[in-house]
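The chain contents come next:
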Amino acid sequence: MNEAFLVDRLRDQIRALHEKAKRLPAGDERDDLLRKAQQDETALRLIEWITSSGRLPPPEDLVPIRRYRLRSK
């Protein structure tokens, strides 16, 4: 499969999860959908970073050890 196709599919899935969650009342099912969307968003950002060939810096909020080391200096 084409990498761009997979990224587009992941974006579509994130959008669909958010849309479905908007239609649900607050509760466990809605929270589960939003959690899944957040996990997919993290995966998407990591894919974009990894495939950027060094053009993008690592996402700071996804690298807590690095952030901790920068603060402790």
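This text gives an overview of the structure that appears in the document. Not measured: the values here are computed from a predicted model.

Parameters and conventions
- Residues numbered from 1 in each chain as written.
- Predicted model: local features only at pLDDT ≥ 70, side-chain atom pairs only at ≥ 80, totals over all residues.
- Heavy atoms only, no water.
- Helix = DSSP H or I, 4+ residues; strand = E, 2+ residues; numbered from the N terminus.
- Buried < 20%, exposed > 50% of the residue type's maximum accessible area, 1.4 Å probe, protein only.
- Contact = heavy atoms within 4.5 Å.
- Patch = residues over 30% accessible without salt bridge, like charges linked within 9 Å, V, L, I, M, F, W, Y side chains within 5 Å.
- Areas by Shrake-Rupley, 256 points an atom, 1.4 Å probe, with all protein chains shown as cover.
- Salt bridge = Lys/Arg side-chain N within 4 Å of Asp/Glu carboxyl O.
- Axes fitted to C-alpha atoms, helices over the stretch in contact; angles between N-to-C directions.
- Parallel < 35°, antiparallel > 145°, perpendicular 65-115°, else oblique.
- Left-handed = near helix turned anticlockwise from the far one by under 90°.

To continue, consider the overall build of the protein chain. Scanning the protein chain from terminus to terminus reveals three helices and zero strands. Element order for the protein chain, N to C, with α for helix and β for strand: α-α-α. Scored against the burial criterion, the 73 residues of the protein chain give a buried share of 15%. Taking the intrachain contacts of the protein chain between residues at least 6 apart in sequence as the baseline, contacts between residues at least 24 apart amount to 30%.

On to a nonpolar patch on the surface, then. On the surface, Leu46, Trp49, Ile50 and Leu56 cluster together to form a nonpolar patch covering roughly 360 Å² of accessible area. Within the secondary structure, tryptophan 49 sits in helix 2 (residues 28–50).

Below, the discussion takes up the packing of helix 1 (residues 3–22) against helix 2. Contact geometry of helix 1 with helix 2 gives a least axis separation of 9 Å together with a crossing angle of 155°. When the interaxial angle is binned, helix 1 and helix 2 end up roughly antiparallel. Note that helix 1 runs across helix 2; the crossing there is left-handed. Counted together, Val7, Leu10, Arg11, Gln13, Ile14, Leu17, His18, Lys20 and Ala21 of helix 1 and Arg30, Leu33, Leu34, Lys36, Ala37, Asp40, Glu41, Ala43, Leu44, Ile47 and Glu48 of helix 2 form the full contact between these two elements.

Within the secondary structure layout, glutamine 39 lies in helix 2. The partly exposed category is assigned to glutamine 39, whose relative accessible area is 46%. Considering only alpha carbons, one finds glutamine 39 and isoleucine 14, 25 residues apart in sequence, at a separation of 9.2 Å.

Across all of its chains, the model carries six salt bridges by this definition. For lysine 22, the salt bridge goes to glutamate 19, with nearest N and O atoms at 3.5 Å. Here glutamate 19 and lysine 22 lie together in helix 1, a separation of three residues that amounts to about one turn. Judged by its relative accessible area of 62%, lysine 22 falls in the exposed class. Here lysine 36 makes a salt bridge to aspartate 40, at a shortest N to O gap of 3.0 Å. Highlighted residues: lysine 36 and aspartate 40, both in helix 2, separated by four residues, approximately one helical turn. Look at aspartate 40 and you get buried, because its relative accessible area is 5%. Via salt bridges that share partners, Asp8, Arg11 and Glu48 belong to a single interconnected network.

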